[in-house]
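Inside the fold
Below, each chain spelled out in residue letters.
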There are 2 protein chains.
Amino acid sequence: MDPATKHIGILLFENVEELDAVGPYEVLAFWTRTFPSDGWDVLTLSRDGGLNRCAKGLVIDAQASYATMPDLDVLIYPGGQGTRSHLVDESQLEWVRHQRDRVALMASVCTGALVYAAAGLLKDRPATTHWASLKLLAQLDPSIDVREGERFVDDGDVITAAGVSAGIDMALHLVDRLAGTDRARQVKRGIEYEPSPPV
Amino acid sequence: MDPATKHIGILLFENVEELDAVGPYEVLAFWTRTFPSDGWDVLTLSRDGGLNRCAKGLVIDAQASYATMPDLDVLIYPGGQGTRSHLVDESQLEWVRHQRDRVALMASVCTGALVYAAAGLLKDRPATTHWASLKLLAQLDPSIDVREGERFVDDGDVITAAGVSAGIDMALHLVDRLAGTDRARQVKRGIEYEPSPPV
């Protein structure tokens, strides 16, 4: 791989919510593998690498560990029941702060935002999360300007998305930011993202 | 597990498209795990079980093999580059026909419909697939009433969805059919499926 390649890492962990991680993975991997000359790559990572049992039972492999992953340009922190233990896991919160010091753009999906809040990353910032966790987000850091009803909140070097499926919209927005609107539209067309909820 | 439990199987294989499989998995696992008393279960399966490398590089575990899987009530056949070899794999097509004889509802996402067409399942039926494969669908079986621009086509005991992300809409429709509209709306709310494509 070209050493100038920029890396987007999607975090996996025990009880990560499946679509929180795989929705953005699909969008970003479709982009980076269809258009490698854009100079971006996406990978999954976890503390120790290897297999992770997700919240709804699916087992997904992390391609890198904290020790083997490349320096990231973008980190995506998905949500799921597994985030609950992260909120009081000081070593995990320290890792998040360490990433904040190095990674230009920190993004979250769903309750991943709770971990960012617990780590202090959202102080005095606008942010969102899954609708059922909006109150907890405010409790974790009362200085957060909690946004309800927004699909994602782009605050420059931090982007937080609403629940689960909102990660797909947020990831398309990332393609738009990182590679332009035409590219984002090509990806949207590629994954035929013309959603039409039947209920 | 209650022996009366009904089973939905999502097929995995080498080069299956990630979101084709995981979109429906999220919807259906959210439903069946949140409401187990509905009597349904969802599992992933593949020819030999175990790990499958998807089309965009993610590695996902299949919980059962063709030999160990339970009798299915619903089979979902995702798409992806991996379907191309299935079109000329007589043992795979024979397995599909064998499932058709036993499984009440056969569903597909994206180019999974091409495999159903090659197996003869879509003869004289309306069906759809990823927009880029509509012509190939018609070539595989000219008797198919190929539908363009529909998110999914429900023809009773066969449902075919359009490309990649359309599997999410199709899966919500499945919940609606199998457990009612209120349940489908609960699942929709749970995964906060209020899509708002930013481009």
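Residues numbered from 1 in each chain as written. Chains lettered and ligands numbered in written order. Predicted model: local features only at pLDDT ≥ 70, side-chain atom pairs only at ≥ 80, totals over all residues.

Take the sheet that holds strand β10 (residues 152-154) of chain A next. Residue and element names in this part refer to chain A. Pairing in this open sheet of 7 strands is mixed, and the strands run β5-β2-β1-β6-β7-β11-β10 from one edge to the other. Each edge of the open sheet is held by one strand with a lone partner, namely β5 (64-65) and β10. Sheet topology note: the strand β6 (residues 74-77)/strand β7 (residues 105-108) ladder contains 4 bridges and is parallel. Across the sheet, residue I76 finds its bridge partner in β7, namely A107. Together, β1 (6-11), β2 (40-46) and β6 form the strand contacts of helix α1 (residues 18-34), whose direction differs from that of β2 by roughly 150°. (Pairing = 2+ DSSP bridges. Helix = DSSP H or I, 4+ residues; strand = E, 2+ residues; numbered from the N terminus. Contact = placed C-beta atoms within 7 Å. Axes fitted to C-alpha atoms, helices over the stretch in contact; angles between N-to-C directions.)

With that settled, the discussion passes to the pairing of strand β11 (residues 158-161) of chain B. All names here are of chain B. Taken together, the 3 bridges between strand β7 (residues 105-108) and β11 define a ladder with parallel strand orientation. When the bridges of β11 are listed, A107 appears paired with I159. Here strand β10 (residues 152-154) pairs with β11 via 3 bridges, running antiparallel. Across the sheet, the residue bridging to F152 is A161, located in β11. Connecting β10 to the next strand, β11, in antiparallel fashion are 3 residues, including G156 with a positive phi near 90°.

One open sheet accounts for 7 strands, arranged β5-β2-β1-β6-β7-β11-β10 (chain B); its pairing is mixed. The open sheet terminates on both sides in strands that have one partner only, identified here as β5 (64-65) and β10 of chain B.

A few words now on the interface of chain B and chain A. One frequent convention defines the size of an interface as the accessible area lost when the parts assemble. Each side of the interface is counted separately: chain B has 40 residues, and chain A has 41 residues. Of all the secondary structure elements, the ones that give two or more residues to the side of chain B that touches chain A are α1 (18-34), β4 (59-62), α6 (166-179) and α7 (181-190) of chain B. In terms of residue count, α1 of chain B provides more of the side of chain B that touches chain A than any other element does, 9 residues in total. Residues of the side of chain B that touches chain A, tallied by class, amount to 20 nonpolar, 9 polar and 11 charged. (Nonpolar A, V, L, I, M, F, W, Y, C, P; charged D, E, K, R; others polar.)

Attention now goes to unusual backbone geometry. Residue and element names in this part refer to chain A. A positive phi angle is found at C110, which is not glycine, with a value near 55°. Inspection of the secondary structure assignment puts C110 in the loop between β7 and α4 (112-118). The class of C110 is buried, set by 32 C-beta atoms lying within 10 Å. (Buried ≥ 20, exposed ≤ 12 C-beta atoms within 10 Å, placed from the backbone.)

It is worth spelling out α1 of chain B at this point. In a regular helix each residue adds 1.5 Å, so 17 residues correspond to 24 Å; α1 of chain B covers 23 Å between its end C-alpha atoms and thus fits that length. α1 of chain B sits mainly inside the fold: 15 of its 17 residues count as buried. (Expected span 1.5 Å × (residues − 1).)

The next thing to look at is the relation of the copies chain B and chain A. Least-squares fitting of chain B to chain A yields an RMSD of 0.0 Å, with the transformation described by 0.0 Å of translation along the axis and a rotation of 180°. On the angle and the small slide along the axis, the relation comes out as a two-fold axis. Taking C-alpha positions as reference, the residue of chain B nearest the rotation axis is I60 of chain B, located at 2.3 Å. Comparing interface residues between copies, 100% of those in chain B also sit at the interface in chain A, which points to an isologous, same-surface contact. (Least-squares fit on C-alpha atoms with pLDDT ≥ 70 in both.)

Moving on: α6 of chain B. Residue and element names in this part refer to chain B. Helix length check: α6, at 14 residues, gives a terminal C-alpha distance of 20 Å against a target of 20 Å (1.5 Å per residue), a fit within 8%. Along α6, the positions that sit buried rather than exposed are A166, G167, I168, D169, M170, A171, L172, H173, L174, V175 and L178. Following α6 by one or two positions, G180 has its phi on the positive side, about 100°.

Packing of α1 of chain A against α1 of chain B leaves a shortest axis separation of 10 Å and a crossing angle of 155°. Between α1 of chain A and α1 of chain B, the interaxial angle falls into the category roughly antiparallel. Handedness of the α1 of chain A/α1 of chain B crossing: left-handed. Judged by residue contacts, E18, L19, V22, G23, Y25 and E26 of chain A of α1 of chain A engage E18, L19, V22, G23, Y25 and E26 of chain B from α1 of chain B. Residue classes in the contact of α1 of chain A with α1 of chain B are distributed as 6 nonpolar, 2 polar and 4 charged. (Parallel < 35°, antiparallel > 145°, perpendicular 65-115°, else oblique. Left-handed = near helix turned anticlockwise from the far one by under 90°.)

Let us look at the confidence of the model for chain A. Scored by pLDDT, chain A comes out at a mean of 98, with 100% of its residues at no less than 70. Of the two predicted TM-score estimates for the complex, the pTM is 0.98 and the ipTM is 0.97. (pLDDT = per-residue confidence, 0-100.)

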